[in-house]
Amino acid sequence: MSRYQPLVIGDLVIDRPVIQGGMGVGISLSGLAGAVAKAGGLGIISTAQIGFREPEFKETPEQANLKAIGKELKKAREIAGKQTSEGGRPAVGFNIMVATKNYEHYVRAAVEAGADIIISGAGLPIQLPDYVKGSATKIAPIVSSAKSASVICRMWDRKYHCAPDLVVIEGPLAGGHLGFSRDDLTSYGADTPHVSETYQLSRYDEEIGKIISVVREYEKKYQKKIPIVSAGGVFDRKDMEHHMGLGVDGVQVGTRFVTTKECDAPENYKQAYINAGQEDIVIVKSPVGMPGRAIKNSFLERVAVEKEKITHCFQCLEHCDPKTIPYCITRALIRAAEGDVENALLFCGANAYRCNKIETVDEIMEEFVG
């Protein structure tokens, strides 16, 4: 039995209050999401270029991606089975970035496929309630500050007369694109390779408290429980206990699940995490101008001084100009998903250097909440 209460999102009950973070391209697909759902957590598939293996991807990437959404969810449900290890119903959803070109199409495809939940960040998902209207799919914005939580809740309240079903707080130690400016990361001490020595844990804990206060206002207004989970740097049971002690209802974990047998990443990718030292984890500027966290390699050193030749646009992000960006983020992430790790962008969380072996999803879930 879990030592924590289930994560209850409306009529969706997650036996173990652990959400597996959505990681694209090709890192959290049906294999990982299905295994986490089977173990009683909430499995999340990333839609970021989800159809990169489809034959039509190069010519019609959006069509390939929309087709893959249904295929991956179906496969994840087959892996998860009909019952979790705790006896409940397995739950699988999607992480869909607001910055995705034609974001609405992806949300509607996920709803049509039967997603239990859509978690959305990399921008403010202002119109998300409209896109899921009439469905059973739950919606959860990702926020990094009380200000962003307030803006989203206020807009949903005013425009759609609703509140989130779940709120995900993503802190400065998260992987991939971050919801912070470089100055914010510096102020938290989260922008150096030796982040464990500089990170101001208590300062961001205060922000989590402020976000909880914002959400509780809308809980009262709508007379419904809005669970809150926190993410970013949650690597082991001690981390989970710290976050739960702040008053959240669960945690979201990404990096720790990468080095599992079930993760959809290739072995070379997993090994890059295992081989990484703390000094190898750096803050990079994404082609779309957002800071991100990744493992230092030959690729990052090369594009820091020389623009990579871009011959094809995969129409992935809304605000991306192939003429000015230093490299194509789709190509860089696909190379990672294909195992060409020295010529790829290897997104990771601040604790990736703590990965030292290949584990199973069940072992990690048991450590966290078993």
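Residues numbered from 1 in each chain as written. Predicted model: local features only at pLDDT ≥ 70, side-chain atom pairs only at ≥ 80, totals over all residues. Heavy atoms only, no water.

Describing the nonpolar core
Considering soluble globular proteins, one finds that nonpolar side chains tend to be buried as a cluster.
Move 1: By size, the foremost hydrophobic cluster in this structure holds 93 residues, and its most contacted members are Val18, Phe94, Val107, Met240, Phe257 and Tyr269.
Move 2: With 7 residues, helix α8 (residues 201-222) is the single largest residue contributor to this core.
Move 3: Counting 23 residues, the second largest nonpolar core, distinct from the first, contains Ala48, Phe299, Tyr327 and Phe347. (Core = buried A, V, L, I, M, F, W, Y, C linked by side-chain atoms within 4.5 Å. Buried < 20%, exposed > 50% of the residue type's maximum accessible area, 1.4 Å probe, protein only. Helix = DSSP H or I, 4+ residues; strand = E, 2+ residues; numbered from the N terminus.)

Concerning the sheet that holds strand β12 (residues 281-285)
Move 1: Spatial strand order, β9-β13-β12: 3 strands in an open sheet with antiparallel pairing. In this open sheet, the two edge strands, each paired with only one partner strand, are β9 (176-177) and β12.
Move 2: As paired elements, β9 and strand β13 (residues 291-295) share 2 bridges and run antiparallel to each other. By the bridge assignment for β13, histidine 177 is matched with glycine 292. (Pairing = 2+ DSSP bridges.)

Some thoughts on the environment of glutamate 219
Move 1: Checked against the element boundaries, glutamate 219 lands in helix α8.
Move 2: Distance from glutamate 219 to glycine 245, taken between C-alpha atoms, is 20 Å for residues 26 residues apart in sequence.
Move 3: Beyond its immediate chain neighbours, meaning those up to four positions away, glutamate 219 contacts Lys224, Lys225 and Ile226. (Contact = heavy atoms within 4.5 Å.)

Overview of the packing of aromatic side chains
Move 1: In total, this model carries 6 aromatic pairs according to the counting rule given.
Move 2: Look at phenylalanine 180 and tyrosine 204: their rings are 5.8 Å apart centre to centre, the planes differ by 70°, and that puts the pair in the edge-to-face class. Linking phenylalanine 180 in the loop between β9 and α6 (182-188) with tyrosine 204 in helix α8, this pair joins segments that are 24 residues apart in sequence.
Move 3: Residue class for tyrosine 204 comes out buried when judged on its relative accessible area of 3%.
Move 4: The interplanar angle of 80° and the centroid separation of 5.0 Å between the aromatic rings of phenylalanine 299 and tyrosine 327 together place this pair among those described as edge-to-face. Residue phenylalanine 299 is located in helix α12 (residues 298-303), and its partner tyrosine 327 is located in the loop between α12 and α13 (329-337); the two are separated by 28 residues in the primary sequence. (Phe/Tyr/Trp six-rings, centres within 6.5 Å; stacked < 30°, edge-to-face > 60°.)

Some details on unusual backbone geometry
Move 1: In this model, glycine 24 is joined to valine 25 through a cis peptide bond whose omega is 0°.
Move 2: Following the sequence through the fold, valine 25 ends up in the loop between β3 (18-20) and α1 (30-38).
Move 3: Look at glutamine 49: it is not a glycine, yet its phi comes out positive at around 45°.
Move 4: Position of glutamine 49 relative to the elements: it lies in the loop between β4 (42-46) and α2 (61-80).
Move 5: The backbone of asparagine 102 sits at a positive phi, close to 60°, despite the residue not being glycine.
Move 6: Along the chain, asparagine 102 falls in the loop between β5 (91-95) and α3 (103-113).

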